[in-house]
Protein chains: 2
Amino acid sequence: MSPQDADRPTPKVPRGFRDLFAADVVARREMLATLVEVYERFGFEPLDTPALEYVETLGKFLPESDTPDGGVFALRDDEDWVAMRYDLTAPLSRVVAQYGNQLTSPYRRYQMGPVWRQEKPGPGRYREFYQCDFDTVGTESMVADAEICSVVANSFEALGIDRGDYILRVNNRKVLNGVLDAIALPEDEAGQGPRLTVLRAIDKLDRLGGGGVRALLGKGRMDPSGDYTGGANLSPDQIDIVMAYLEATVEDRTQVCARLRELVGSSAVGDEGVRELEEIHELLEAMDLGPDQVVFDPSVVRGLAYYSGPVVEGVLTFDDEDGERREFGSVLGGGRYDSLVERFTGNKIPATGASIGVDRLLTALKALGRQNADRSQRPVVITVFERDRMVDYQRMANELRSAGIAAELYLGSKGFRAQLKYADKRHSPVAVIAGSNEFEKGEITLKDLRLGAKLSKTIKDREAWTEQPAQVTVARDNLVAGVRELLERHGSTEEPT
Amino acid sequence: MSPQDADRPTPKVPRGFRDLFAADVVARREMLATLVEVYERFGFEPLDTPALEYVETLGKFLPESDTPDGGVFALRDDEDWVAMRYDLTAPLSRVVAQYGNQLTSPYRRYQMGPVWRQEKPGPGRYREFYQCDFDTVGTESMVADAEICSVVANSFEALGIDRGDYILRVNNRKVLNGVLDAIALPEDEAGQGPRLTVLRAIDKLDRLGGGGVRALLGKGRMDPSGDYTGGANLSPDQIDIVMAYLEATVEDRTQVCARLRELVGSSAVGDEGVRELEEIHELLEAMDLGPDQVVFDPSVVRGLAYYSGPVVEGVLTFDDEDGERREFGSVLGGGRYDSLVERFTGNKIPATGASIGVDRLLTALKALGRQNADRSQRPVVITVFERDRMVDYQRMANELRSAGIAAELYLGSKGFRAQLKYADKRHSPVAVIAGSNEFEKGEITLKDLRLGAKLSKTIKDREAWTEQPAQVTVARDNLVAGVRELLERHGSTEEPT
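The rules behind the values
- Residues numbered from 1 in each chain as written.
- Chains lettered and ligands numbered in written order.
- Predicted model: local features only at pLDDT ≥ 70, side-chain atom pairs only at ≥ 80, totals over all residues.
- Heavy atoms only, no water.
- Helix = DSSP H or I, 4+ residues; strand = E, 2+ residues; numbered from the N terminus.
- Expected span 1.5 Å × (residues − 1).
- Domains from an automatic or database assignment.
- Least-squares fit on C-alpha atoms with pLDDT ≥ 70 in both.
- Contact = heavy atoms within 4.5 Å.
- Buried area = accessible area lost by both parts, 1.4 Å probe.
- Salt bridge = Lys/Arg side-chain N within 4 Å of Asp/Glu carboxyl O.
- Nonpolar A, V, L, I, M, F, W, Y, C, P; charged D, E, K, R; others polar.
- Pairing = 2+ DSSP bridges.
- Axes fitted to C-alpha atoms, helices over the stretch in contact; angles between N-to-C directions.
- Bend = angle between axes of the 7 residues up to and from the residue.
- Buried < 20%, exposed > 50% of the residue type's maximum accessible area, 1.4 Å probe, protein only.
- Parallel < 35°, antiparallel > 145°, perpendicular 65-115°, else oblique.
- Left-handed = near helix turned anticlockwise from the far one by under 90°.
- Core = buried A, V, L, I, M, F, W, Y, C linked by side-chain atoms within 4.5 Å.

(A) Geometry of helix 2 (residues 22-41) of chain B. The end-to-end C-alpha distance of helix 2 of chain B is 29 Å, a good match for the 28 Å that 20 residues give at a rise of 1.5 Å each. Count one or two residues on from helix 2 of chain B and you reach Gly43 of chain B, which has phi positive near 85°.

(B) A look at the domain arrangement of chain A. Taken domain by domain, chain A comprises domain 1 (22-49 + 85-185 + 234-367) and domain 2 (380-489). Here the C-alpha centroids of domain 1 of chain A and domain 2 of chain A sit 51 Å apart.

(C) Looking closely at the relation of the copies chain B and chain A. The transformation that overlays chain B on chain A combines an axial shift of 0.0 Å with a rotation of 180°, and the residual RMSD is 0.0 Å. Classification of the inter-copy transformation places it as that of a two-fold axis. Using C-alpha coordinates, one finds that chain B approaches the rotation axis most closely at Leu75 of chain B, a distance of 2.7 Å. Both copies share a contact surface, since 100% of the interface residues of chain B are interface residues in chain A too.

(D) Structural context of the interface of chain B and chain A. Taken together, the contact between chain B and chain A spans 101 residues of the former and 101 residues of the latter. Summed over both partners, the interface of chain B with chain A comes to about 8,300 Å²; 57% of that surface belongs to carbon and sulfur atoms. Taken as a group, Arg41, Arg401 and Leu411 of chain B account for 8% of the area that chain B buries against chain A, more than any other trio of residues on that side. Counting every contact that joins chain B to chain A gives 14 salt bridges. Linking Arg94 of chain B and Asp19 of chain A is a salt bridge whose minimum nitrogen-to-oxygen distance equals 2.7 Å. Tallying contributions element by element places helix 2 of chain B first for the side of chain B that touches chain A, with eight residues. Looking at the side of chain B that touches chain A residue by residue, the classes come out as 49 nonpolar, 22 polar and 30 charged.

(E) Quick look at the environment of Arg325 of chain A. All names here are of chain A. Along the chain, the position of Arg325 falls in the loop between strand 11 (310-316) and strand 12 (328-337). Along the backbone, Arg325 and Asp165 are 160 residues apart, and their C-alpha atoms lie at a distance of 9.9 Å. In this structure Arg325 touches Gly164, Thr317, Phe318 and Asp319, once residues within four positions along its chain are discounted.

(F) Structural view of the sheet that holds strand 1 (residues 45-46) of chain B. Residue and element names in this part refer to chain B. If you trace the eight strands from one edge of the open sheet to the other, you get 1-5-6-13-12-11-7-10, paired in mixed fashion. The sheet terminates laterally at strand 1 and strand 10 (294-296), the two strands that pair on one side only. Direction of pairing for strand 11 (residues 310-316) relative to strand 12 (residues 328-337): antiparallel, over a ladder of five bridges. Its bridge partner lying in strand 12, Val312 is registered against Gly334. Sheet contacts for helix 6 (residues 173-182): strand 7 (166-172) and strand 11; angle to strand 7, the most-contacted strand, approximately 45°.

(G) Summary view of helix 8 (residues 205-217) of chain A. All names here are of chain A. Given a rise of 1.5 Å per residue, 13 residues ought to cover 18 Å, yet the end C-alpha atoms of helix 8 are separated by just 11 Å, more than 12% below that figure. Residue Gly211 marks the point of greatest curvature in helix 8, where the axis turns by about 75°. Among the residues of helix 8, Gly212, Val213, Leu216 and Leu217 are the ones counted as buried. Of the surrounding secondary structure, the elements contacted by the buried residues of helix 8 are helix 7 (194-203), strand 8 (220-222), strand 9 (228-230) and helix 9 (236-246).

(H) Summary view of the packing of helix 8 of chain A against helix 9 of chain A. Residue and element names in this part refer to chain A. Where helix 8 contacts helix 9, the axes come no closer than 9 Å and their chain directions differ by 160°. Classified by the angle between their axes, helix 8 and helix 9 sit roughly antiparallel to one another. As helix 8 runs across helix 9, the sense of the crossing is right-handed. Note on element contacts: helix 9 touches helix 8 through Ile239, Asp240, Val242, Met243 and Leu246, opposite Leu205, Gly210, Val213, Arg214 and Leu217.

(I) Highlighting unusual backbone geometry. The amide bond that connects Ser105 of chain A to the next residue, Pro106 of chain A, takes the cis arrangement and shows omega of -5°. Relative to the helices and strands, Pro106 of chain A is located in the loop between helix 4 (89-99) and strand 5 (107-116). You will see that His427 of chain B, though not glycine, has its phi angle at about 55°, which is positive. Tracing the sequence through the fold places His427 of chain B in the loop between helix 15 (416-425) and strand 16 (430-433).

(J) The arrangement of the nonpolar core in detail. Membership of the largest hydrophobic core comes to 106 residues, with the highest contact counts inside it found for Tyr39, Phe156 and Leu316 of chain B. Counting residues per element, this core draws most heavily on helix 5 (residues 142-158) of chain B, which supplies 10 residues. With sequence-adjacent residues up to four places away left out, Tyr39 of chain B is seen in contact with Phe44, Tyr110, Met112, Cys132, Asp133, Phe134, Val151, Ser155 and Ile356 of chain B. One finds Val175, Val179, Met243 and Val264 of chain A within the second-largest nonpolar core, a separate group that totals 104 residues.

(K) View of the sheet that holds strand 4 (residues 80-84) of chain B. Residues and elements named next belong to chain B. Judged by pairing direction, the sheet is antiparallel, and its three strands sit side by side in the order 2-4-3 without closing on themselves. At either end of the open sheet lies a strand with only one pairing partner, and these are strand 2 (52-54) and strand 3 (74-77). Strand-to-strand twist in this sheet, taken as the mean axis angle between neighbours without regard to direction, amounts to 40°. Both strand 3 and strand 4 contribute to a ladder of four bridges, which runs antiparallel. Following the sheet pairing, Ala74 is matched in strand 4 by Ala83.

Structure, rendered in structure tokens:
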């Protein structure tokens with residue numbers, strides 16, 4: 001390496017970021033298009049906000065975490081600090097506060113796009129990822145909360161995730177508050193106190209199981225590494241009630257409501273929470289959403305301070321290729337929050353909504369072999385034999401394109417075999433071949449590359465070979481018709497790549 | 001204002017940024033979808049890269065400007081400096097250098113997305129805007145250059161910009177170098193010298209006219225404010241030749257080539273440049289691109305150091321609503337460059353491509369009243385009279401959505417008139433009305449809001465009113481059929497909003 005080489009930068013993507021190539025770009029694009037269709041069917045209209053916001057606009061906390069200002073990519077712009085948006089809710093807050101009455105009320109908007117978090121990257125954990133949010137701002141009606149489930153169920157099913165392969169878990173933060181009222185736990189002050197400790201404990205149910213949560217509700221817990229986490233110091237009776245609450249999930253939603261009603265006792269907020277769940281249940285029935293799609297699950301917390309009413313999360317519950325039941329956590333999260341514009345205006349505005357984690361969903365579907373077929377049109381490749389005939393080759397490409405068929409000339413400098421390899425790598429359906437022989441006779445040879453690929457797998461099937469030759473010769477004037485015939489042989493969709 | 005209020009942040013979008021609401025989001029989305037279709041028809045495949053790149057990856061200069069490192073939004077990530085991409089070519093360079101042989105060669109990729117520039121914002125000049133790039137990497141063939149014109153012409157026409165309403169101007173940097181050889185102007189050294197001064201002068205032809213350029217080619221020029229710009233100090237004879245070169249544009253492309261051949265004299269690079277233009281002309285003919293679509297224009301420079309061969313720019317040339325000819329500058333720019341990966345690997349790789357400025361194009365089309373109709377589906381609004389009947393209303397929404405019709409319940413707390421206003425503001429096509437009366441009779445009233453809007457404009461037309469009542473009552477069971485009939489009255493597309 002010469003000293004000059006040492007000065008050269010290494011071409012690499014920043015840590016925690018990634019490039020997407022053709023198949024993945026198409027998969028995401030198709031997923032977004034499907035979600036647009038579903039979201040708009042529910043009356044949500046699109047909004048687009050900038051990648052950067054003033055830091056004060058973003059507020060101090062990421063939702064669903066305790067991370068303070070850190071965790072965002074921030075930079076100075078003249079006098080001001082700006083930061084890349086870390087979610088699509090903070091921009092919505094800003095828009096609602098900024099445009100006020102110019103917006104309809106309620107305001108039903110969706111937004112899709114990347115968000116950025118300056119967090120430690122890990123396997124499958126990127127610092128740039130897409131979110132697809134929909135929210136209804138300015139309503140207290142439980143219809144908006146119940147509809148979240150319908151939007152999501154319709155989205156999943158439109159994406160090819162069948163009923164039974166996903167489950168939505170709904171809870172209401174008011175019910176938990178009612179239970180904590182019922183065990184006479186004091187309210188927190190200034191965002192700190194015993195209730196937050198209980199919430200934190202409950203939030204770890206998935207990871208620690210019932211025993212771990214019990215310990216954290218009581219005196220605390222030592223983890224295998226020797227780290228000690230302080231507990232909420234509840235009495236055994238109090239712990240029993242909280243644990244009974246956590247275990248109240250059964251398949252019948254009305255039974256869950258009945259059980260929760262017992263547990264909240266005479267708490268007013270608890271009663272309100274249960275009544276809201278009952279109303280949601282009725283609305284879910286009206287939308288034909290059964291217990292195999294939506295369950296009431298008191299263990300769902302979803303973040304610590306953010307949500308104020310119903311909350312929802314969604315997971316995939318596929319059997320994988322080995323027949324094992326696998327759960328892909330949290331491809332959907334949402335709920336009701338009332339602090340949307342309070343930071344700006346001092347007023348509470350009720351809002352509710354959810355966010356589908358598109359990149360997580362894509363990863364899950366890919367891991368499960370459930371990706372939709374890539375339906376993007378791959379180009380017919382016109383191979384080049386006679387370099388002084390480029391104008392003639394170009395005319396072929398032009399004819400195909402004018403007929404709506406994706407096509408390109410091979411523009412490299414390599415020979416025929418390399419050109420066919422190139423066409424394969426492009427997943428090209430057809431190669432057009434014209435050498436001096438063909439030009440002389442006014443003919444063109446067409447090679448069916450998809451058939452070639454199939455035949456090389458099942459080469460024994462001699463009959464198919466004869467019936468569907470992988471290569472045909474047609475008159476030059478029949479280029480478009482000939483190519484179209486080969487394209488239609490295999491139907492309009494391609495194999496997944 | 002209380003002291004507490006003073007602490008509250010003002011909700012505003014960062015300087016130079018903007019929010020897009022429904023109609024504009026849809027317009028951009030549809031434009032991108034059209035470009036995807038055209039780009040893929042030409043065999044370009046999608047690529048997506050992160051918003052952030054290492055600063056060394058981006059290099060020192062913005063293309064088409066002398067701006068150094070400044071001009072980008074940069075921030076520190078641990079030890080490293082990263083910056084938001086300012087174009088889509090720098091990420092392409094990094095990808096080609098990073099993935100090398102894993103990519104096909106040639107590599108034909110397109111990328112669409114926002115880029116960010118920390119420049120002074122102005123009217124219509126934002127710091128975040130979309131670019132749609134397509135490039136062919138790894139070929140010296142003029143086919144790739146000529147195809148740029150076909151991609152763009154097809155894109156514009158697919159976007160509803162008719163032949164005659166746009167013009168593409170093609171030049172070749174080699175020809176200009178040949179002319180500078182012919183007048184015996186010394187080569188620049190280390191990116192500075194007389195040739196750069198000449199380039200800068202030519203680049204100002206649009207703004208200063210022939211006289212201004214003449215002055216800058218000679219002794220220099222004092223502008224009206226008294227600022228003095230030094231000149232290239234060419235002799236009168238040299239200036240005449242450069243001016244003759246600039247004025248060589250005529251409608252016939254072969255005539256331009258003939259004139260340029262005279263001007264480059266015996267310069268080898270000039271001769272090569274003219275031959276390339278001749279080849280491009282032949283290929284343009286093969287793609288049926290006439291002189292009303294593509295001209296050869298020697299005054300096109302497009303940036304100072306970046307391009308090495310053919311360059312192209314595209315402008316719209318609409319007549320505006322007052323019949324005035326207006327030109328919207330530079331909605332398309334591109335050309336051939338060979339320094340793509342040199343910074344990383346030391347090797348030159350030939351590449352050529354172009355970028356459509358989608359946001360500029362949208363602004364131009366909007367200013368010219370040429371925006372496409374908004375074909376997005378707006379929701380049927382189900383008005384709410386009986387608040388204890390939400391489940392029944394929800395069932396109606398669910399039926400409509402299940403039939404593929406966008407629908408929503410009014411979820412605010414206001415009365416009927418306000419609900420209809422809400423529906424109007426949402427551009428809702430139909431309002432569903434069901435009060436106690438309707439529930440009793442098992443009926444539903446449907447209000448045709450688009451007809452209502454039309455009638456209120458032409459209220460004299462009594463007959464139309466009678467034939468197409470703005471309000472109909474149908475049996476509850478016929479909700480979907482009734483709504484569908486009203487939707488189909490006005491065809492499938494809506495008026496532009």
